[in-house]
Amino acid sequence: MANFLYKEEQDIYNDFSKDGYVIKKINNFNSLEYIRNKIVKIIKKKINLKKNIDHQYILNNVHKFVEVKDLNSFRLSIINDINSDTLFRSHYYKISRPYLDHIVGNELVMQIKINLSIQFPNDDSSLLATHADTWSGDSPYEAVVWLPLVDCYKTKAMYLLPPKETKKIQENFSKKKLDNSEKLYRHIKKKVKWIDIDYGEVLIFDQAMPHGNRINLEKETRWSFNCRFKSLFSPYGDKKIGEFFQPITMKPITKKAISFKFPK
Ligand SMILES: [Fe+2]
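Quick caveat: nothing in here was measured; it's all calculated off a predicted structure.

Participant: Please clarify how the nonpolar core should be interpreted in this entry.
Facilitator: The nonpolar side chains of soluble globular proteins are, as a tendency, buried together. With 60 residues, the main nonpolar core has I39, F74, Y92, W223 and F225 as its most contacted residues. Residue contributions to this core peak at 7 residues, all from helix α5 (residues 86-103). When sequence neighbours within four positions are dropped, the list of residues in contact with F74 reads I43, K46, I47, V62, V66, I118 and W223. Residues I169, L178, Y185 and I188 belong to the second largest nonpolar core, which totals 8 residues.

Written as structure tokens, this is what we have:
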């Protein structure tokens, strides 16, 4: 294989290959602000808050305004609101575009519905047990763009198992009987990497590595989005184009080629 990558691409290539993820500063501040302003506006409307309040405060402390029993419906209605706004998805892409270009490609499909996680402190009702998306039918060609709206650290964040460790457990999967996710977590607990990421940064990770979260033991709520991207012509898993993914950056030669007909 030849390697014609530029230095900047090679650096990201190396980091992503070694760690299975990269965390990057967001240069497109306008897009980030669009996303955060939109969410804060939706929250204020839902909880009927009229006064001006610091954005970081309301996001970090939303558990003081919404009860745990209402959390899932609150979350789902926000997901509905953001996904009916086409601009929201385009800003989400713009934030990660420079890095996706290097990690995934520049002719991409994007998940049609962006997902949102809200993790209240000490809430065990919305946990994500250890899993790799590829174990349940996702294509290994998909990368996840994970965008926090608040600073995430310790148990307020998520964890990933580094590629080297992933390889080790995959080789011993049936031998060690790691067939239940809690057993698996206990097995990898000391090897996982807890992500430390601030608002203003974006995480792109390989969902073929085991990942998840635990009960958020910090005092603040975590807000994070996740959305998958893949190269338009890479192999698809259970998540199909048209149903789950939508082309977002199709090139003109591709568009022409799709309707190409050999002369009769
Ligand atoms: Fe996942």
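Participant: Would you explain the coordination of the iron ion in this entry?
Facilitator: Note on metal sites: the ideal angle is 109.5 degrees for four tetrahedral donors, and 90 or 180 degrees for six octahedral donors. Protein coordination at the iron ion: the donors are H131 (NE2), D133 (OD) and H211 (NE2), at 2.2 to 2.3 Å from the metal. Within one chain, the residues donating to the iron ion are spaced in sequence as H-x1-D-x77-H. Of the two residues, D133 sits in the loop between β3 (115-119) and β4 (143-148) while H211 sits in strand β8 (residues 211-212), which places them 78 residues apart along the sequence. The two residues D133 and H211 agree in class, both being buried.

Participant: It is not clear to me how the sheet that holds strand β5 (residues 159-160) should be interpreted in this structure. Could you clarify?
Facilitator: Strand pairs in the sheet, formed through backbone hydrogen bonds, run parallel or antiparallel to each other. With respect to topology, 3 strands assemble into an open sheet ordered β6-β5-β8, the strand pairing being antiparallel. Two strands bound the open sheet, and with one partner strand each, they are β6 (193-194) and β8. Alignment of β5 against β8, held across 2 bridges, turns out to be antiparallel. Looking at the pairing, L160 lines up with H211 of β8.

Participant: How should I be thinking about the pattern of salt bridges in this particular structure?
Facilitator: Should their charged atoms come close, side chains of opposite charge can pair. Under the defined criterion, the tally for this structure stands at 14 salt bridges. One salt bridge in this structure joins D19 and K18, with 3.0 Å as the shortest N-O distance. A salt bridge links D81 to K46; the nearest nitrogen and oxygen atoms lie 3.4 Å apart. Of the two residues, D81 is situated in helix α4 (residues 68-83) and K46 in helix α2 (residues 29-46); the sequence distance between them amounts to 35 residues.

Participant: For this particular structure, what's the right way to read the packing of α2 against α5?
Facilitator: Two numbers describe how α2 lies on α5: the axes approach to 8 Å, and their chain directions differ by 140 degrees. The angle between the axes of α2 and α5 places the two elements in the oblique class. In the crossing of α2 with α5, the sense of the turn from one axis to the other is left-handed. Note on element contacts: α5 touches α2 through L87, F88, H91, Y92, K94 and I95, opposite S31, L32, Y34, I35, K38 and I39. In terms of residue class, the contact of α2 with α5 is made up of 8 nonpolar, 2 polar and 2 charged.

Participant: Whenever I open this one, the packing of aromatic side chains confuses me. Can you help?
Facilitator: For any pair of aromatic rings, geometry is given as the distance between the ring centres together with the angle between the planes. Using the criterion set out here, one finds 8 aromatic pairs in the structure. Measuring from centroid to centroid gives 5.1 Å for Y159 and Y185, while their planes differ by 45 degrees, and the two rings are tilted. Here the residue Y159 occupies a position in strand β5, and Y185 occupies one in helix α7 (residues 181-188), the gap between them amounting to 26 residues. As far as burial versus exposure is concerned, Y159 and Y185 are alike and both buried. The interplanar angle of 75 degrees and the centroid separation of 5.0 Å between the aromatic rings of F244 and F245 together place this pair among those described as edge-to-face. Exposure remark for F244: the relative accessible area of 21% places this residue in the partly exposed category. Each member of the aromatic cluster is reached from another via a ring pair, and the members are F88, Y92 and F225. In this arrangement the basic side chain of K239 is found over the ring face of F244, its NZ or CZ atom lying 5.2 Å from the centre.

Cut-offs used in this document
- Residues numbered from 1 in each chain as written.
- Predicted model: local features only at pLDDT ≥ 70, side-chain atom pairs only at ≥ 80, totals over all residues.
- Heavy atoms only, no water.
- Core = buried A, V, L, I, M, F, W, Y, C linked by side-chain atoms within 4.5 Å.
- Buried < 20%, exposed > 50% of the residue type's maximum accessible area, 1.4 Å probe, protein only.
- Helix = DSSP H or I, 4+ residues; strand = E, 2+ residues; numbered from the N terminus.
- Contact = heavy atoms within 4.5 Å.
- Donors = N, O, S within 2.8 Å, 3.2 Å for Na, K, Ca; no water.
- Pairing = 2+ DSSP bridges.
- Salt bridge = Lys/Arg side-chain N within 4 Å of Asp/Glu carboxyl O.
- Axes fitted to C-alpha atoms, helices over the stretch in contact; angles between N-to-C directions.
- Parallel < 35°, antiparallel > 145°, perpendicular 65-115°, else oblique.
- Left-handed = near helix turned anticlockwise from the far one by under 90°.
- Nonpolar A, V, L, I, M, F, W, Y, C, P; charged D, E, K, R; others polar.
- Phe/Tyr/Trp six-rings, centres within 6.5 Å; stacked < 30°, edge-to-face > 60°.
- Lys NZ or Arg CZ within 6 Å of the ring centre and 35° of its normal.

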